[in-house]
Amino acid sequence: MTMREEQTLIARWIRNGSRVLDLGCGDGALLAHLQTARRVSGYGIEIDGENIVRCLEAGVNVIQSDLDRGLSDFDDDSFDYVIMTQTLQATRYPDRLLREMLRVGREAIVTFPNFGHWKCRLQVLAGRMPVTRHLPSTWYDTSNIHMCTVRDFEALCASEGLEILEREALDSAHRTTAAMRLLPNLLAEIALYRFRRR
Amino acid sequence: MSNAFPPDSVGLVSPQRRAFHGPLELDSGATLEHYELVFETYGELNAARDNAVLICHALSGDHHAAGYHQPGQRPGWWDNLIGPGKPLDTRRFFVVSPNNLGGCAGSTGPLSINPATAQVYGPDFPFVTVRDWVQTQARLADTLGIECWAAVVGGSLGGMQALQWAVDFPHRVRHALVIAAAAKLTTQNIAFNEVARHAIRSDANFHGGRYYEHGVVPAHGLMLARMLGHITYLSDDVLMARFGRELRDGKLNFGFDVEFEIESYLRHQGESFAKRFDANTYLLMTKSLDYFDPAAKVPEHDLRKALAGASARFLVVSFSSDWRFAPARSREIVVALLDADRDVSYVEIESEQGHDSFLLEVPLYHRVLRTYFQQMPITADPV
């Protein structure tokens, strides 16, 4: 799959030897990659037991926890980066979680599927909730309860006083083009952001 | 088939014994000039001596963790975990399982002879703490040629020992597996222990702990202590599921003999425990639980500071229905480790079996332990 390219992109944003918290870390592949590629230390947070076994296999520190409970286990400013890939849209309180990310971390990195992509827009125009390669679930069994678009996310950042440091717009193969950079809300299937408190 | 052991069993095992001379200064201020530890080992120590795993037992446990003393008998108390091909694989690891000082299964304890009086220690056996046990286990490791444990593993009171090991001997523990434990007992937990102790000490046969001299044991008090303990080790749901409100005779008898199945079960558990366990040891073990607090001697009793010097990687495990050592207690350990910047993983296993879950073959729990041990690097012996 293309997760590897997303990992490579994120790794490019991360300084060597930094301390990282990965929210919704899944099988731990990103952390394992960052440990080798960037010599980071840190922890993954994951709720699913099977994924936790995968994390232990991958040799990454993993803490079983529900992100909807917040990050109260972590001190202020205890990480260089708090990362959350493809998870924001599945959380109960995305705005609170973004604030929490920047309480415990100096910078945050977030990736999410862009609901503003033209394929989604066409399906909504046709009167249906979008089902795409990147959003394969139907409305009634999706865990994505808080979908947003590139513009929605940036509007939230503005109202929360967050400074966007970098943005990448990708298609589902994790490629980017000049057109995608120009019209990310229409052409990007996945959005990546690095941001911090202003 | 009674002579054949399952292929994933360590098979027939026999306890070993080591005598230790030279003063052992205990937390209480007392000193033991001489003591013995009985222990079992499973698997082989490799040439690099880096594959040794220490098993720490809980309140009523002993050194017999795996395998069989005789064909046809029940296997050791953690046999589902330890053996060739089991999560703690004895083809890779050398497992050491001692009976703690103060125990009643062969190590020096209240049943041993006090050299000062040539009489059985009984109630004169000094109080022992988790820290004291860790000291004695370290001496045992010295005699076995083990400089550093690959892992120290324990559940409940055993998990407390694993935690204490990581604090007291940071360079002698590479991994600490702290299961269904707590950084210190809650008030409620101490309260349960006090009821158990009171049951024993108020038994007419207790005789101030010198019951051996009277040729009796405070079996009734010990039984009550165990009955109480047993209720707290299981969850409400599992008791309901297993026993419900079933009546042994199928009808109410309007009497105080056993009517509900749960009564029968508790009495049986209590009676069989009273036959195999020593009351003075039970009192000592519950006190050791109550006293445990690795943060007691650091500034502000801050667990983070107590753990700051630990260098082991930690695996902390709790069970959802455990209310005697609730997941929240394990999370306290985890949070302190996170704040202290230590390597830690934490899993809360869904289980209905309460505190006892740590002894059971809960599938995800065993997969977690298997995976954790598999990724633990050790030096392979040349074949």
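Please refer to the structure higher up on the page.
Residues numbered from 1 in each chain as written. Chains lettered and ligands numbered in written order. Predicted model: local features only at pLDDT ≥ 70, side-chain atom pairs only at ≥ 80, totals over all residues. Heavy atoms only, no water.

A few points about the overall build of chain A
- Counting its regular elements, chain A contains eight helices and seven strands.
- Whereas a compact globule of 198 residues would reach a radius of gyration of roughly 16 Å, chain A reaches 16 Å, a difference of no more than 12%.
- In terms of overall dimensions, chain A has C-alpha extents of about 45 × 35 × 30 Å along its principal axes.
- Scored against the burial criterion, the 198 residues of chain A give a buried share of 51%.
- Counted over contacts in chain A with a minimum sequence separation of 6, partners at least 24 positions apart contribute 65%. (Helix = DSSP H or I, 4+ residues; strand = E, 2+ residues; numbered from the N terminus. Rg over C-alpha atoms; globule rule 2.2 N^0.38 Å. Buried < 20%, exposed > 50% of the residue type's maximum accessible area, 1.4 Å probe, protein only. Contact = heavy atoms within 4.5 Å.)

Here we look at the interface of chain A and chain B
- Of the residues lining the interface, 20 residues belong to chain A; the matching set on chain B comes to 22 residues.
- Considering only the side of chain A, the residues that lose the most area to chain B are A:L56, A:Q64 and A:D73, jointly responsible for 32% of the buried surface there.
- At the junction of chain A with chain B, the criterion picks out four salt bridges.
- One salt bridge in this structure joins B:R304 and A:D75, with 3.8 Å as the shortest N-O distance.
- Applying the counting criterion to the chain A and chain B interface returns 12 residue pairs in polar contact (both at pLDDT 80 or more).
- If you list the elements that add at least two residues to the side of chain A that touches chain B, you get α3 (49-58) and β3 (62-64) of chain A.
- If you tally residues by element for the side of chain A that touches chain B, the top one is α3(A), at seven residues.
- Residues belonging to the side of chain A that touches chain B are distributed by class as follows: eight nonpolar, five polar and seven charged. (Buried area = accessible area lost by both parts, 1.4 Å probe. Salt bridge = Lys/Arg side-chain N within 4 Å of Asp/Glu carboxyl O. Polar contact = N/O pair within 3.5 Å; in protein donor to acceptor, adjacent residues only side chain to side chain. Nonpolar A, V, L, I, M, F, W, Y, C, P; charged D, E, K, R; others polar.)

What to know about the packing of helix α4 (residues 94-104) of chain A against helix α6 (residues 150-160) of chain A
Residues and elements named next belong to chain A.
- Two elements in contact, α4 and α6, have axes whose closest approach is 11 Å; the angle formed by their N-to-C orientations is 60 degrees. Relative to α6, the element α4 lies oblique. The two elements α4 and α6 cross, and the hand of that crossing is right-handed. Between α4, through D95, L98 and R99, and α6, the contact on the second element is made entirely by F153, L156 and E160.
- Of the residues in the contact of α4 with α6, the class split is three nonpolar, no polar and three charged. (Axes fitted to C-alpha atoms, helices over the stretch in contact; angles between N-to-C directions. Parallel < 35°, antiparallel > 145°, perpendicular 65-115°, else oblique. Left-handed = near helix turned anticlockwise from the far one by under 90°.)

Some thoughts on the pattern of salt bridges
- Per the stated rule, a full pass over the model turns up 29 salt bridges over all chains.
- Residue A:R103 pairs with A:E100 through a salt bridge whose shortest N-O separation is 2.7 Å. One end of the pair is A:R103 and the other is A:E100, both in helix α4 and three residues apart, which spans about a single turn.
- Taking the relative accessible area as the measure of exposure, A:R103 reaches 22% and is therefore partly exposed.
- On the accessibility criterion, A:E100 (18% relative accessible area) is buried.
- With a closest N to O distance of 3.3 Å, B:R304 and B:D302 form a salt bridge.
- According to the relative accessible area criterion, B:R304 is partly exposed, its value standing at 34%.
- For B:D302, a relative accessible area of 13% puts it in the buried group.

Regarding a nonpolar patch on the surface
- On the surface, a nonpolar cluster with roughly 360 Å² of combined accessible area is contributed by A:W118, A:L122 and A:L125.
- The residue A:L122 is located in helix α5 (residues 118-125) in this model. (Patch = residues over 30% accessible without salt bridge, like charges linked within 9 Å, V, L, I, M, F, W, Y side chains within 5 Å. Areas by Shrake-Rupley, 256 points an atom, 1.4 Å probe, with all protein chains shown as cover.)

Quick word on the environment of B:D257
Residue and element names in this part refer to chain B.
- In this fold, D257 is placed in the loop between α5 (236-243) and α6 (261-276).
- Accessibility expressed as a relative area gives 62% for D257, which makes it exposed.
- If sequence neighbours within four positions are ignored, D257 has contacts with E263 and R267.

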